[in-house]
Structures are given as structure tokens and as C-alpha cells.
Amino acid sequence: MQTKFTTKKEVESINHHLINKMSILLTELYFRGPHAHKDIELTILLSGALHIETPEEKFDMGPLDVAYFNPAQPHECQTAVADSCRLLVLQF
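Residues numbered from 1 in each chain as written. Predicted model: local features only at pLDDT ≥ 70, side-chain atom pairs only at ≥ 80, totals over all residues. Heavy atoms only, no water.

Ranked by size, the top nonpolar core spans 12 residues in total: L25, L29, L45, L50, I52, M61, A67, F69, C77, C85, L87 and V89. Secondary structure elements with two or more residues in this core: β3 (23-29), β6 (50-53), β8 (66-69) and β10 (85-91). In terms of residues, this core owes the most to one element, β10, which gives three residues. Apart from the residues lying within four places of it in its own chain, the contact partners of L29 are L50, C77, T79, S84, C85 and L87. (Core = buried A, V, L, I, M, F, W, Y, C linked by side-chain atoms within 4.5 Å. Buried < 20%, exposed > 50% of the residue type's maximum accessible area, 1.4 Å probe, protein only. Helix = DSSP H or I, 4+ residues; strand = E, 2+ residues; numbered from the N terminus. Contact = heavy atoms within 4.5 Å.)

Right, here's the structure in full:
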């Protein structure tokens, strides 16, 4: 298993030689502006509270809630409180 950090150490990328075509990310987040991915994304909130907006809906997540995003589906994430939240993100 290999772990990589960005320079700000806000994202940990978890790689394993038996997992192909999937990104597993552990991140601490306050805000992420509107963005989309080419892959399916499953976001699991590990701690904290998160508010998510898509063009179709707005919703809040609590610990262990899961959000699903289709490829190319725009979404924006913001902590629902002043503290950061911790996410496990799977992209495939």
C-alpha cells in the first residue's frame, strides 16, 4: 500500500497494488467549490457535518452518511459548522 499527501496534507491518497481503476481518498474539508469528476464518486462522511449542493438538490450529511455523484455531475461541498469534516471518497 502506498500513501501520498498533497503539499498542504489535506488529501491522503490510498493506493494498493490489487485495486485498479479506483481512487480512494481520505480528506479533511472545510469547502470545495463547484466541481465534477469523470468517474462515479461515493463520499462517506466520517466525522463532522457537511452541506452539499448540486444543480438538482441541496442536502446535509452527518457521520456515516453516504452521497453518490454520477460522472460529470457538478457538486459543491461546505462544512455545515465552523469545524472541518473528514471524508472517505471513492472514485471509480
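Taken together, four strands build an open sheet; the order of strands is β4-β9-β6-β7 and the sheet is antiparallel. The open sheet has two edge strands with one neighbour each: β4 (31-35) and β7 (58-61). Sheet twist, expressed as the mean angle between neighbouring strand axes with direction ignored, is 20°. Here three bridges tie β4 to strand β9 (residues 75-79), and the two strands are oriented antiparallel to one another. Each residue of the ladder has a partner; that of H35, found in β9, is H75. (Pairing = 2+ DSSP bridges. Axes fitted to C-alpha atoms, helices over the stretch in contact; angles between N-to-C directions.)

The topology assignment puts P63 in the loop between β7 and β8. Taking C-alpha positions, P63 is 5.2 Å from L45, a pair spaced 18 residues apart along the chain.

Along the chain, the position of G48 falls in the loop between β5 (41-47) and β6. When the C-alpha atoms of G48 and G62 are compared, they prove to be 6.6 Å apart, with 14 residues separating the residues in sequence. Discounting residues that sit within four places of it in the chain, G48 has contacts with M61, G62, P63, S84 and C85.

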